[in-house]
Amino acid sequence: MKIIRLYFGIALVVLALLLSGCAKDFLDAYDQETITQGRLDGAAAASSQAGRNIIDAQLGGVYDILYTYTGQSRRDDFSHGLYFINLSLDVNGQDILFTGRAWGIYDYGRSMFNPTNSRPSQYWNKNYKMIGTINNILLSVPLNTDGTPSKLPEYYGVLRTLRGVSYYYLAGIFAEPYRDHNGNAPGVPLVLKAADAADSATGLRRVELSKVYEALIADLEAGVMYAPVKTTNPAQPSKLVALTFLAKAYMDMGEYAKALGYLNDLKDKCPTLNDLPDVRKFGFANVGEPSVLWGYDVTADNTLYYGSCSSIVDDTQDGYTSAAYYRIEPMLYKHMGDGDLRRIQFSPGGAERDPYLEKYFPGEELMSNSQLLGASMKFYGEKVFLGDPIWLRAADPALLRIECLIQTKDYSGARVAFKEFMATRDPDYVVPSEDTELLPELKLQRRIELWAEGGASWFDNRRWQDGLKRSSAHMNRMRDIPAGPSSFYTFPIPQSEIDKNPALQQNPIYKAQ
């Protein structure tokens, strides 16, 4: 994991100013403080390189929010930003099994599903902190009279992508799924420019969900138009990230043909679409992997040690996992063929555990001393807690594309794509011959491939609404979630925000759980 060092001279002074001295009221979540904006605009207008240096420095603050921002007044074990938002959402599903009091146990048990709990506040504050900071940085990008960027277009695309992704998360956590009410349910407050958050007397209202999707789609379309296809900083989202989230937004709306168009575009631009990282070479903990589209480079200078991602998910390191660990749902493990390379990511347990470790991970041991089938080795990384948080991998849009092909009834195209995808995983895999078997198989393959990755299962479960089996012995006898619309998929608005914002309304379907 290489160390990325950016030297920006005076731009670093601007960054220090940007990240200090914020007022603490309910608008803190929509932080709109501007720092010597006239000087920033003047520098950007005078020199494209000066503008790049300034925005690069400001973006460093955005990437810090993505990596470590907790949204709380103290730094705690949720100070890992987007990675742990994704993990805390995924443990609400049916595929990550706990064997003890591992990180996220309260999310797993749904006790975090409460408006006074810290988790909704963390989701809310982190994303609005991102949005407020991005809105300020956008003021530094010179625009033409028609609103298109006259200079620094690649930064404009990156910033709009980041804001669109933030709204995608807010909508996917705090609003009911789009198709439950055809977008007519309450969404979240929209803050699209610095002035939007200026009136603290009346507060910001939740707009209709369709308006939120309209705004985030516009942001992501700008990302597709202007963001670079490749970036030198893994935390900087590329055009491929914008294409993926744009497709996800349209799939939420049930517009699979539109989503497929964007995913076809991504396929043409992503030669590593079907690559499978090698877990034995730290493949799922290294942003240098060719199939990683978005993530953060952890180094000895910025690791959080016992509070790091590695400590939580890598069972070979003496961190949180030494007390308890995560397992994959046994049904998913058994669904993989004997020759499926993804089986290496999980221990077979029992008498087979030690021979498995000796064969694939010589010299390693599971710190939790697990004897159970499915103990995860997926996020095996370098020592000293240097595993990188990966926010998006190419397999996600690859499988979304197959889903869209099935939903648009291009079954032959779906079989071709399925065969190409599985060829790098299981050479003996046979694509289902019946059209009706394709979608259920696709869903199983997404659950296997993206296990504990990128919040995929949370957003998939919201979209599919097939119900969740959480009452088996494997799930410590949680309650099942029936198929169809459910309050299970919608978090409450943080009570602290409602208390401070007179215009903000709680979710009508909220029930204490």
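The structure contained in this document is the topic of the report that follows. (Residues numbered from 1 in each chain as written. Predicted model: local features only at pLDDT ≥ 70, side-chain atom pairs only at ≥ 80, totals over all residues. Heavy atoms only, no water.)

1. Some points on the overall build of the protein chain
Line of reasoning, step 1. Each helix and strand counted, the protein chain has 18 helices and 4 strands in total.
Line of reasoning, step 2. Considering only residue pairs separated by 6 or more positions, the protein chain has 71% of its internal contacts joining residues 24 or more positions apart.
Line of reasoning, step 3. Of the roughly 19600 Å² of accessible surface on the protein chain, 52% is carried by carbon and sulfur atoms. (Helix = DSSP H or I, 4+ residues; strand = E, 2+ residues; numbered from the N terminus. Contact = heavy atoms within 4.5 Å. Areas by Shrake-Rupley, 256 points an atom, 1.4 Å probe, with all protein chains shown as cover.)

2. Digging into a nonpolar patch on the surface
Line of reasoning, step 1. A surface patch of nonpolar side chains, about 330 Å² in accessible area, is lined by Tyr305, Tyr306 and Val384.
Line of reasoning, step 2. Tracing the chain through its elements places Tyr305 in the loop between β2 (292-295) and α11 (309-313).
Line of reasoning, step 3. Taking relative accessible area as the criterion, Tyr305 reaches 40% and is therefore assigned partly exposed. (Patch = residues over 30% accessible without salt bridge, like charges linked within 9 Å, V, L, I, M, F, W, Y side chains within 5 Å. Salt bridge = Lys/Arg side-chain N within 4 Å of Asp/Glu carboxyl O. Buried < 20%, exposed > 50% of the residue type's maximum accessible area, 1.4 Å probe, protein only.)

3. Topic: the side chain of Gln317
Line of reasoning, step 1. Relative to the helices and strands, Gln317 resides in the loop between α11 and β3 (326-328).
Line of reasoning, step 2. On the basis of relative accessible area, Gln317 is assigned to the buried category, the value being 4%.
Line of reasoning, step 3. Within the structure, the side chain of Gln317 is placed 2.9 Å from the side chain of Asp314, a separation counted as a polar contact.
Line of reasoning, step 4. Ignoring sequence-local partners within four residues, the contact set of Gln317 consists of Ser310, Met367, Gly381, Glu382, Lys383, Val384 and Phe385. (Polar contact = N/O pair within 3.5 Å; in protein donor to acceptor, adjacent residues only side chain to side chain.)

4. A few points about the nonpolar core
Line of reasoning, step 1. In terms of nonpolar packing, the biggest core is built from 143 residues, with Leu87, Leu162, Tyr167, Trp294 and Tyr326 touching the most fellow members.
Line of reasoning, step 2. Considering each element in turn, this core owes the most residues, 13 residues, to helix α7 (residues 153-174).
Line of reasoning, step 3. In this structure, Leu87 is in contact with Ile96, Trp103, Ile312, Val313, Tyr326 and Ala452, ignoring residues within four places of it in sequence. (Core = buried A, V, L, I, M, F, W, Y, C linked by side-chain atoms within 4.5 Å.)

5. Let's talk about helix α9 (residues 239-252)
Line of reasoning, step 1. With 14 residues, α9 extends 20 Å from end C-alpha to end C-alpha; this agrees with the ideal 20 Å at 1.5 Å per step.
Line of reasoning, step 2. For α9, the buried fraction is high: 14 of the 14 residues fall into the buried class.
Line of reasoning, step 3. Its side-chain oxygen placed 3.2 Å from the backbone nitrogen of Leu240, Ser238 serves as the N-cap of α9.
Line of reasoning, step 4. A positive phi of about 80 degrees marks Gly254, the residue just after α9. (Expected span 1.5 Å × (residues − 1).)

6. Observations concerning unusual backbone geometry
Line of reasoning, step 1. Positive phi, close to 55 degrees, is recorded for Leu152, a residue that is not glycine.
Line of reasoning, step 2. Residue Leu152 is classed as buried on the basis of its relative accessible area of 2%.
Line of reasoning, step 3. Positioned with a positive phi, Phe282 is a non-glycine residue whose angle comes to about 65 degrees.
Line of reasoning, step 4. By the secondary structure assignment, Phe282 is in the loop between α10 (256-269) and β2.

7. Some thoughts on the pattern of salt bridges
Line of reasoning, step 1. One pass over the structure, following the stated rule, counts 22 salt bridges.
Line of reasoning, step 2. With its nearest N and O atoms 2.6 Å apart, the salt bridge here joins Asp95 to Arg447. One end of the pair, Asp95, is in the loop between α4 (82-90) and β1 (96-98); the other, Arg447, is in helix α16 (residues 435-449), with 352 residues separating them in the sequence. The two residues Asp95 and Arg447 agree in class, both being buried.
Line of reasoning, step 3. If you follow the salt bridges from partner to partner, you end up with Asp340, Arg342, Lys378, Arg393, Arg425, Glu449 and Glu453 in one network.

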